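# Structure assessment
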Amino acid sequence: MSTSTPPSAPRAALPGPAGAPTGPAAAPRVVRQRRRRPGLIALSIALIAAGGLSGALLFTASGHRSSVLVVARDVPVGNAITEADLALASLALDPAVKAVPAAKKAGMVGQRAAVALKSGSLLSPGQVTSASLVKAGEQLVGVALKPSQLPASRLSPGQEVLIVSTPDPAQAGAAGAGKPGDTAAPVTLAVTVVAVGVAAPATGVVVVDVAVPAASGPTLAARVATGAVALIVAAQDGGS
């Protein structure tokens, strides 16, 4: 006995607008997957890596620091530089900036300040010199002065000053006897300050080392021994 399969029922149509039947439902659209391009991916990775490397190099270059010397305290022009006058600092410097490396600190000690060095400033090679303030043909004479024999202004090595004789008035009157109204002009000598000592605690006497022409050295030393001298600062250019 044979059996027969009943025919399948027809697919119901989906209702359309306002309940009107429509055709059979459309099959879902298959989205195609984009093909990956290995070459393009490799190029992107290479560009990202190159950008990161460039940034790292720029950061490293901008953050490079050098150990250099700075001035720890004021040093007047002409003064010898001591170890306490210098300090170390780590700075990021432009290549155009001329600085003294920290490794050369020992060589800077004992040099003289060619210009006035200010505390906190960067030390450059052109600010120091090994030249002495006592030139050829000159002598170094120490002049002991009381506070009343020198200006209150601080003296600096390299400064041009005058040493003036201050003879006793009685001796000056005797020397000028027979010439009424005449007054002997004080003897002056132009010298260069080489070093300024520390005032003595009890008397305030300060010894100032000065460089003088060799021919005038003995004469100045003899005048200083009498104590009848004074120091005055020469007027600067444009001064009255």
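Residues numbered from 1 in each chain as written. Predicted model: local features only at pLDDT ≥ 70, side-chain atom pairs only at ≥ 80, totals over all residues. Heavy atoms only, no water.

### Quick notes on the overall build of the protein chain
Using the following cut-off: Every helix listed is a DSSP run of H or I at least four residues long, and every strand listed is a run of E at least two residues long, numbered separately from the N terminus. Note on classification: 1.4 Å probe, protein chains only; a residue is buried when its accessible area is under 20% of the maximum for its type, exposed when over 50%, partly exposed between these limits. Any two residues whose heavy atoms approach within 4.5 Å are treated as being in contact. For the accessible areas, the method is Shrake-Rupley and the probe is 1.4 Å, while residue cover comes only from the protein chains on display.
Counting secondary structure elements, the protein chain contains 4 helices and 9 strands. Helices and strands in the protein chain line up, N terminus first, as α-β-β-α-β-β-β-β-α-β-β-α-β. Burial status across the protein chain gives 22% buried among its 240 residues. For the protein chain, long-range pairs separated by at least 24 residues make up 69% of all intrachain contacts whose partners lie at least 6 apart in sequence. Summed over its atoms, the accessible surface of the protein chain is roughly 16,800 Å², and 61% of this surface lies on carbon and sulfur atoms.

### Quick word on the pattern of salt bridges
To keep it simple, the criterion reads: Salt bridge criterion: a side-chain nitrogen from Lys or Arg within 4 Å of a carboxyl oxygen from Asp or Glu.
Per the stated rule, a full pass over the model turns up 1 salt bridge. Notably, a salt bridge pairs Asp85 with Arg73, separated by 2.5 Å at the nearest N-O pair. Here Asp85, found in the loop between strand 1 (66-71) and strand 2 (86-91), pairs with Arg73, found in the loop between strand 1 and strand 2; they are 12 residues apart in sequence, far enough to count as distant. Judged by relative accessible area, which is 6%, Asp85 ranks as buried.

### What to know about the sheet that holds strand 8 (residues 206-213)
Stated precisely, the cut-off is as follows: Strands are labelled as partners when DSSP assigns at least two bridges between them. Every angle, taken between N-to-C directions, lies between 0 and 180 degrees, and every axis is a line fitted to C-alpha atoms, over only the stretch in contact when it is a helix.
Strand order across the open sheet formed by 5 strands is 5-8-7-6-9, with antiparallel pairing between neighbours. Two strands close off the open sheet at either side, each with one partner strand: strand 5 (138-145) and strand 9 (229-233). The mean angle between the axes of side-by-side strands here comes to 45°, regardless of whether they run parallel or antiparallel. Bridge count between strand 6 (residues 160-165) and strand 9: 5 bridges; the pairing is antiparallel. Each bridged residue has a counterpart across the sheet, and for Ile163 the counterpart in strand 9 is Leu231. Sitting on the sheet, helix 4 (residues 217-226) touches strand 5, strand 6, strand 7 (188-196), strand 8 and strand 9, and the angle it makes with strand 5 is about 10°.

### Let's talk about helix 4
Quick note on the threshold: By definition, the arc is the one covered by directions from the helix axis to the C-beta atoms.
All of the buried residues in helix 4 are Gly217, Leu220, Arg223 and Val224. Axial view of helix 4: buried residues confined to an arc of 130°, hence all on one face. Exposed positions of helix 4 whose direction lies more than 90 degrees from the buried face are Pro218, Ala225 and Thr226. Tucked into the core, helix 4 has its buried residues touching strand 5, strand 6, strand 7, strand 8 and strand 9. Once helix 4 ends, the next one or two residues include Gly227, with phi positive near 80°.

### Looking at the pairing of strand 7
The pairing of strand 6 with strand 7 spans 5 bridges and is classified as antiparallel. Along strand 7, the bridge assignment pairs Val161 with Val191. In the sheet, strand 7 pairs with strand 8 via 4 bridges, with the strands oriented antiparallel. If you follow Ala195 over to strand 8, its bridge partner there is Asp209.

### Focus: the environment of Ser132
Heads up, the rule is: Nitrogen and oxygen atoms within 3.5 Å of one another constitute a polar contact, given that in protein one can donate a hydrogen and the other can accept it, and given that sequence-neighbouring residues count only through two side-chain atoms.
One can find Ser132 in the loop between strand 4 (128-129) and strand 5. When the C-alpha atoms of Ser132 and Gly78 are compared, they prove to be 8.3 Å apart, with 54 residues separating the residues in sequence. Among the polar contacts made by the side chain of Ser132, one reaches the main-chain amide nitrogen of Val134 at a distance of 3.1 Å.

### Some words on the nonpolar core
Applied cut-off: Put simply, buried Ala, Val, Leu, Ile, Met, Phe, Trp, Tyr and Cys residues joined by side-chain atoms within 4.5 Å make one nonpolar core.
Formed by 18 residues in total, the largest nonpolar core has its most connected members in Val191, Val208, Val210, Leu220 and Leu231. For this core, the secondary structure elements donating two or more residues are strand 5, strand 6, strand 7, strand 8, helix 4 and strand 9. Those residues in contact with Val208 that sit more than four places away from it in its chain are Val141, Gly142, Val143, Leu145, Leu155, Val193, Ala195 and Leu231. With 11 residues, the next largest nonpolar core counts Val75, Leu86, Ala113 and Leu123 among its residues.

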